[in-house]
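# Close look at the chain arrangement
Letter by letter, the chains look like this.
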Amino acid sequence: MRELTYAAKRTVEWREAPDPKLRSDGEAIVAPVAATSCDVDSAILAGHGFVDPPFALGHECVARVLETGDAVTAVGPGDLVVVPWSINCGTCERCRAGLTAHCTAVPYMAMYGAPIGGDWGGLFSDLVRVPYADAMLVPLPAGLDPVAMASASDNWSLAWRLIAPHLRTRPGARVLVVARGSIGLYVCDIARALGASEVLYVDPDPEHRTLARAFGAATAEALDPIPQGYDIAVEATGRVDQLGLTVKSLSPEGICESAGNHFRPGELPLLDMYLTGVTLRVARDNVRAHIPDALELAASGKVAPEKVVSHVFDWEDLPTALPEKHLKPVFVRADG
């Protein structure tokens, strides 16, 4: 088979690799049919990652199950499934608590798309081995488009987690979104669908702002802090200065979720945060626990994740099209 390999800044290429084989009766072999780049992939391709190349890239896809071990009961050959980005067993204490990104059955930070915590390959590969099929794979609900839901492995389900639980406890909250890519746009869509009274989306990209307005958000090119302006904030820029401006706009006891990958250090306005009483969470997502709820919302008709898909490319175009700057390109297998 082939796996798409990050070789150098703005350079990816197909490289041959052995076909994956089942290693236990609880595993599955899947073939991605619609795969997309995560916001962090854009940073990696730009040369801002923290792992040196070469390595297999990709950790968001909908796939078709080709083969399962005898003990697998949740899915079967032919099923369309969401493949979570992190490797998790589903049975250790952390997995049972929903902390699937911190599974103790595998090396720490085991994931697709980057060789940290072992080499599990990438989801821009012709074939992929899923080690804990019943725990990891989530059937795609009937009627959902694999292209629209290619990001359910990470960004779409992450966006659900960043905003939906908070709106349950703070109905009608004012929401601030400071972002640069798909995560923030998904948050705008979900926030309005779940009853936010106001959404402000901040992004220097005019096309992104146009899309945010289609989701019912007000927009701005840059953020001037609005003291006590928002109850919930989501920062997804990877820039500490933008995170600092974001937390300065929170109301007393406000909540800020930071989903940016902060590869570079910086300073936060800790005194302002202390005086306001800010709750700040900076974290990778335990995505497997949230995929079912995120898919349920997508199937409800209240949201339109397909609008964030900027381009649909053929699978064979991955080496040329992925390094280009696109908001949310989806790569589709013709035989999927």
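Check the entry above for the structure.
The terminal C-alpha atoms of helix α5 (residues 182-193) lie 17 Å apart, and with 12 residues this matches the ideal 16 Å at 1.5 Å per residue to within 8%. α5 sits mainly inside the fold: 10 of its 12 residues count as buried. Turning to α5, its buried residues are Ser-182, Ile-183, Gly-184, Leu-185, Tyr-186, Val-187, Cys-188, Asp-189, Ile-190 and Ala-191. Positive phi appears at Gly-195, one or two residues downstream of α5, with a value of about 100°.

Quick look at the sheet that holds strand β1 (residues 2-8) now. Pairing is antiparallel in the open sheet, where 3 strands are placed in the order β2-β1-β4. Of all strands in the sheet, those bounded by a partner on one side alone are β2 (11-16) and β4 (55-56).

On to the side chain of Thr-5. Relative to the helices and strands, Thr-5 is located in strand β1. A distance of 3.3 Å separates the side chain of Thr-5 from the backbone oxygen of Glu-3, its partner in a polar contact. With sequence-adjacent residues up to four places away left out, Thr-5 is seen in contact with Thr-11, Val-12, Glu-13, Arg-15, Pro-54, Phe-55 and Ala-56.

A word on the packing of helix α4 (residues 155-169) against helix α9 (residues 291-299). At a minimum axis distance of 9 Å, the contact between α4 and α9 shows a crossing angle of 95°. Put simply, α4 runs roughly perpendicular to α9. Counting all contacts with α4, which are made through Trp-156, Ser-157 and Trp-160, the residues of α9 involved are Ile-291, Asp-293, Ala-294, Leu-295, Leu-297 and Ala-298. Partitioning the contact of α4 with α9 into residue classes produces 7 nonpolar, 1 polar and 1 charged.

Calculation notes
- Residues numbered from 1 in each chain as written.
- Predicted model: local features only at pLDDT ≥ 70, side-chain atom pairs only at ≥ 80, totals over all residues.
- Heavy atoms only, no water.
- Helix = DSSP H or I, 4+ residues; strand = E, 2+ residues; numbered from the N terminus.
- Expected span 1.5 Å × (residues − 1).
- Buried < 20%, exposed > 50% of the residue type's maximum accessible area, 1.4 Å probe, protein only.
- Pairing = 2+ DSSP bridges.
- Polar contact = N/O pair within 3.5 Å; in protein donor to acceptor, adjacent residues only side chain to side chain.
- Contact = heavy atoms within 4.5 Å.
- Axes fitted to C-alpha atoms, helices over the stretch in contact; angles between N-to-C directions.
- Parallel < 35°, antiparallel > 145°, perpendicular 65-115°, else oblique.
- Nonpolar A, V, L, I, M, F, W, Y, C, P; charged D, E, K, R; others polar.

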